[in-house]
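So you can see what is in the structure, the chains are spelled out below.
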Amino acid sequence: MFPIDHFWRSVRRAPHRPAVISCDGAISYGDLAARVRRRAAGLLAAASVPGSTVGVGGDNGIEHLVSLLAVLAARKIWVPLNPRNGDPELARIVEFAGPAICLVDEALAGRLAATPGIALFADLDVDIDNGSPLPLPAAVPPLGATQAIKFTGGTTGTPKGVQQTYRAWNTNIVTQIHEIGLQQHDRYLVAAPLTHGTSTYILPLLAVGGALVFPGEGGAGPMLDAIAAHRATLSFGPPALIAMLGDEQRRAPRKIPSLRCLIAGGAAMRADQIAAAQAVFGPVIASTFGQTEAPQIAAWLAPDEMEGARALSTGRASLLTEIAILGPGGDPLAPGEAGEIAIRGDLVMSGYYKAPGQSAEVLVDGWLRTGEVGFLDTDGYLFIRDRLRDVIITGGFNVFPSDVEAVLGDHRDVADCSVIGIADAKWGEAVHAAVTPAHPGEWNPAPVLAAVRKALGPVKTPKAIHLFDRLPRSPVGKILKSAIRDEISARLAANENAGK
């Protein structure tokens, strides 16, 4: 059984039930299936090689959803193109993944104008008899074959593409249905980008016959309005988004009794963030742990567990998944001992695209070595302590400091630089840069920040640049990020105290 077959089963069982709800009305399972079939048929005609890759990108919307499902229906490999990335990063991903075609909205088409094989979402649709099967290749791929390649970083040099298998997607579907308790009456608010973590919730909802709710526009207000108007029952987003929803609900309360589960993922929620969200929305906050390499619900903390000390955990290992804490030698550690978090099971990726060396570094003895440090308590609840790598998680998105440093270091006004994450009440972490200017007396941060924004997009652009006469280094010349972080934190604290 392929992941898309969960959708087809719901189409057969209840073709007249609403599958998608938006400000433009509802689309039934039968109508959505017809649109997916037309686009999938177009894909099969335009990209005839079995198992070829297809890039899909753009803002959230029904046409984006149809394109994603069509890629799965045509048994193609989905490559999400996040419009929040900078143009060079998008171009690099397209070049590396080599998609046979890219389905995008008009805004993204303009940004990828120089890239061959670009098509607008609906332009690929072809008429097909609703009773006839799709002209799929006779050879059936194994469940260990790749369903998606999702890029997690590497905006300079070679991108890092996570290969998620058909089996991993099926595992995610079953896991979410089991852990969240998804049912036919559930309605999922599509809040975070479809190219990001939200994509993992689409098929589980459609598998149980639920509905996807698209708000008319972005922003906390329209999202809450959509929950109230369409009786949405659950949604997913990074802690920063949940905090924004809480702020808006306090400012202008809506009646949203349907909401039963607001899932935080992509970054850990602090105790004060949890308390603030619960004060506004009630006992509906849940938490997940996972990586693109083991998507979304590797660990799950249900709303009724989100209290006391365990509220700071990310829950226990989910169905079909094992979690262990490993020491430096790879041996499991006892409860309470901190070490590297490792994940095992069918949820785990098959490896990184075209990168066997990198794959071997993290897939060891059947375990995915996550690069995260944490511990398990005696009841199996997972607590994350720190990261082995220097990845900055801001608003649920991963930012690799080396990517930002490469752009900063290439600017004529920058002699030396280092990028770190600083704790931030809104974003979880904020990107900050330490810079030694090439011409101190003529320093102007505006063109430097503009260059980063153009190359990498707004998420990866530093919130602030802090000037250093020279960056602290070890005796062997390595930049000491911990010393930089301490210095910047001290400066920020001094500025805050001065303003009181």
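Being a predicted model, the structure only gives us computed values, none of them experimental. (Residues numbered from 1 in each chain as written. Predicted model: local features only at pLDDT ≥ 70, side-chain atom pairs only at ≥ 80, totals over all residues. Heavy atoms only, no water.)

Draft legend 1. Structural view of empty space enclosed by the protein. Using the criterion set out here, one finds 2 cavities of 30 Å³ or more in the structure. The space that makes up the largest cavity amounts to roughly 80 Å³. For the lining of the largest cavity, the secondary-structure elements that each account for two or more residues are α6 (166-181) and α7 (199-207). The element best represented in the lining of the largest cavity is α7, accounting for 4 residues. Looking at the lining of the largest cavity residue by residue, the class counts come to 5 nonpolar, 4 polar and no charged. (1 Å grid on protein atoms, 1.4 Å probe; cavity = no way out; pocket = protein on both sides within 12 Å on 5 of 7 lines; lining within 4 Å. Points joined across faces, edges and corners; volume = space filled by probe spheres on them. Helix = DSSP H or I, 4+ residues; strand = E, 2+ residues; numbered from the N terminus. Nonpolar A, V, L, I, M, F, W, Y, C, P; charged D, E, K, R; others polar.)

Draft legend 2. Region of interest: the packing of aromatic side chains. A full pass over the atoms with the stated rule returns 9 aromatic pairs. Both rings, one in Y201 and one in F236, keep their centres 5.0 Å apart while their planes meet at 25°; by these two values the pair is stacked. Pair noted here: Y201 is in helix α7 and F236 is in strand β11 (residues 234-237), with a separation of 35 residues, a long-range link. Summarising the burial analysis for this pair, Y201 and F236 share the class buried. In textbook terms, an aromatic cluster arises when at least three aromatic residues are bridged by ring pairs, as seen for F7, W8 and Y29. Sitting over the ring of F96, K354 keeps its end group 5.3 Å from the ring centre. Across the ring face of F468, the terminal group of R491 is positioned such that the distance to the ring centre comes to 4.4 Å. (Phe/Tyr/Trp six-rings, centres within 6.5 Å; stacked < 30°, edge-to-face > 60°. Buried < 20%, exposed > 50% of the residue type's maximum accessible area, 1.4 Å probe, protein only. Lys NZ or Arg CZ within 6 Å of the ring centre and 35° of its normal.)

Draft legend 3. Representation of the sheet that holds strand β15 (residues 316-317) within the structure. A sheet is described by the order of its strands in space; here 9 strands give the open sequence β2-β1-β10-β9-β11-β12-β13-β14-β15, paired in mixed fashion. In this open sheet, the two edge strands, each paired with only one partner strand, are β2 (25-28) and β15. Judged from the 3 bridges that link them, strand β12 (residues 261-264) and strand β13 (residues 285-291) form a sheet pairing that is parallel. Bridge assignment links L262 to a residue of β13, and that residue is I285. α7 rests against β1 (18-22), β9 (187-189), β10 (211-213), β11, β12, β13 and β14 (294-301) of the sheet, and its axis sits at about 140° to β10. (Pairing = 2+ DSSP bridges. Contact = heavy atoms within 4.5 Å. Axes fitted to C-alpha atoms, helices over the stretch in contact; angles between N-to-C directions.)

Draft legend 4. Representation of the pairing of strand β17 (residues 339-345). Taking burial as the measure, the 7 residues of β17 include 5 buried ones, the bulk of the element. Sheet topology places strand β16 (residues 321-326) next to β17; 6 bridges connect them, and they run antiparallel. When the bridges of β17 are listed, I323 appears paired with I343. Summarising the sheet, β17 and strand β20 (residues 367-376) pair through 4 bridges and their orientation is antiparallel. From the neighbouring strand, I343 faces β20, where its bridge partner is L368.

Draft legend 5. Highlighting the pattern of salt bridges. Scanning the entire structure with this criterion turns up 17 salt bridges. For E89, the salt bridge is made with K460, and the minimal N-O distance between the two is 2.9 Å. Taken together, the residues span a long stretch of sequence, with E89 in helix α4 (residues 87-97) and K460 in the loop between α13 (445-456) and β26 (464-467) at a distance of 371 residues. Across the pair, K460 and E89 agree in class, each one buried. Close ionic contact of R491 with E487 constitutes a salt bridge, the shortest N to O distance being 2.8 Å. Of this pair, R491 and E487 both sit in helix α14 (residues 481-498), 4 residues apart, roughly one helical turn. (Salt bridge = Lys/Arg side-chain N within 4 Å of Asp/Glu carboxyl O.)

Draft legend 6. Here's a closer look at the layout of surface pockets. As a volume, the second largest pocket reaches approximately 790 Å³. Around the second largest pocket sit 35 residues that line it, and R84, A191, P193, G219 and M223 are the ones nearest its centre. Only α8 (220-230) and α9 (239-251) provide two or more residues apiece to the lining of the second largest pocket. Here the lining of the second largest pocket is composed, by residue class, of 19 nonpolar, 11 polar and 5 charged.

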